[in-house]
Amino acid sequence: QVQLVESGGGLVQPGGSLQVSCAASGSAFRFYNMGWYRQTPGKRRELVATITSGGSTNYADPVKGRFTISRDNAKNTVYLQMNSLKPDDTAVYYCNTNILSHDFWGQGTQVTVSS
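Just so we're clear, the structure is a prediction, and the values are computed from it rather than from any experiment.

Asks: Looking at this structure, I do not really get the packing of aromatic side chains. What am I missing?
Replies: Each pair of aromatic rings is reported with the distance of its centres and the angle of its planes. In this structure the tally under the stated criterion is three aromatic pairs. With 5.0 Å between their ring centres and 70° between their planes, tyrosine 37 and tryptophan 105 make a pair best called edge-to-face. Residue tyrosine 37 is located in strand E4 (residues 34–39), and its partner tryptophan 105 is located in strand E10 (residues 102–105); the two are separated by 68 residues in the primary sequence. With a relative accessible area of 33%, tryptophan 105 lands in the partly exposed category. On the basis of an interplanar angle of 90° and a centroid distance of 6.4 Å, the ring pair of tyrosine 94 and tryptophan 105 is categorised as edge-to-face. Residue tyrosine 94 is located in strand E9 (residues 91–99), and its partner tryptophan 105 is located in strand E10; the two are separated by eleven residues in the primary sequence. On the basis of relative accessibility, which here comes to 13%, the residue tyrosine 94 falls in the buried class. Chaining the aromatic ring pairs together yields one cluster made of Tyr37, Tyr94 and Trp105. Directly above the ring of tyrosine 94 sits arginine 45, whose terminal nitrogen or CZ lies 3.7 Å from the centroid.

Laid out in structure tokens, this is it:
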């Protein structure tokens, strides 16, 4: 079992920045591929960014050039730095890892981009 706990969401103005974090339990974090997803009411959860255990990253087209995913294995934490935020980025952001074909999710953190 892996527990994921997101934090750092909040209200930010368009054009602003925010960083969300996800802390993972256990001692094997450094071996996990991690991802950030987001979801708005009535829509499917969508992939935002991923980072492999080796540090390779991948981004969804809508966030390329604006968001950066990173990890700190010493702190068992994955981050999502979000810059140049737009109202369309408003969503609940979820942390994810898949271990032996089982998905683990955090409880999510709300990010609202509004003036």
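Next, the rest of the story.
Asks: Could you clarify how one ought to interpret the environment of arginine 44 in this entry?
Replies: As for its position among the elements, arginine 44 is in the loop between E4 and strand E5 (46–51). Judged by its relative accessible area of 77%, arginine 44 is exposed. In contact with arginine 44, not counting residues within four places along its chain, are Arg38 and Gln39.

Asks: Please clarify how the sheet that holds strand E7 (residues 67–72) should be interpreted in this entry.
Replies: Backbone-to-backbone hydrogen bonds join strands into a sheet, with any given pair of strands oriented parallel or antiparallel. The strand order across the open sheet built from four strands is E1-E3-E8-E7, with neighbouring strands paired in antiparallel fashion. Each edge of the sheet is formed by a strand with only one pairing partner; in this case those strands are strand E1 (4–7) and E7. Mean inter-strand twist for the sheet, computed between neighbouring axes without regard to direction, equals 15°. Here six bridges tie E7 to strand E8 (residues 77–82), and the two strands are oriented antiparallel to one another. Note on E8: the bridge partner recorded for serine 70 is tyrosine 79.

Asks: Please clarify how the pairing of E10 should be interpreted in this entry.
Replies: Direction of pairing for E9 relative to E10: antiparallel, over a ladder of four bridges. Looking at the pairing, isoleucine 99 lines up with histidine 102 of E10. What sits between the antiparallel neighbours E9 and E10 is a turn of two residues, in which leucine 100 has the positive phi angle 50°.

Rules of the game
All residue numbers refer to position in the chain's written sequence, counted from 1. Only residues with pLDDT of 70 or above have their local features reported here, since the model is predicted, and side-chain atom pairs are shown and tallied only from 80 upward, although totals for entire chains, interfaces and linings are computed over all residues. Calculation of side-chain values draws on the structure's entire complement of heavy atoms; hydrogens and water are dropped beforehand. Planes of paired rings set the category: under 30 degrees apart is stacked, over 60 is edge-to-face and the rest tilted, where pairs are Phe, Tyr or Trp rings (Trp by its six-membered ring) whose centres lie within 6.5 Å. Numbering of helices and strands runs from the N terminus, with a helix taken as a DSSP run of H or I at least four residues long and a strand as a DSSP run of E at least two residues long. Type-normalised accessible area, obtained with a 1.4 Å probe on protein chains alone, sets the label of each residue: buried when under 20%, exposed when over 50%, and partly exposed for intermediate values. Two limits define a charge over a ring: the Lys NZ or Arg CZ must be within 6 Å of the ring centre, and within 35 degrees of the ring normal. Should any heavy atoms of two residues lie within 4.5 Å, those residues are considered in contact. Following DSSP output, two strands are said to pair if at least two bridges run between them. Every axis in this analysis is a line fitted to C-alpha atoms, fitted for helices over the stretch in contact. Angles between the N-to-C directions lie between 0 and 180 degrees.

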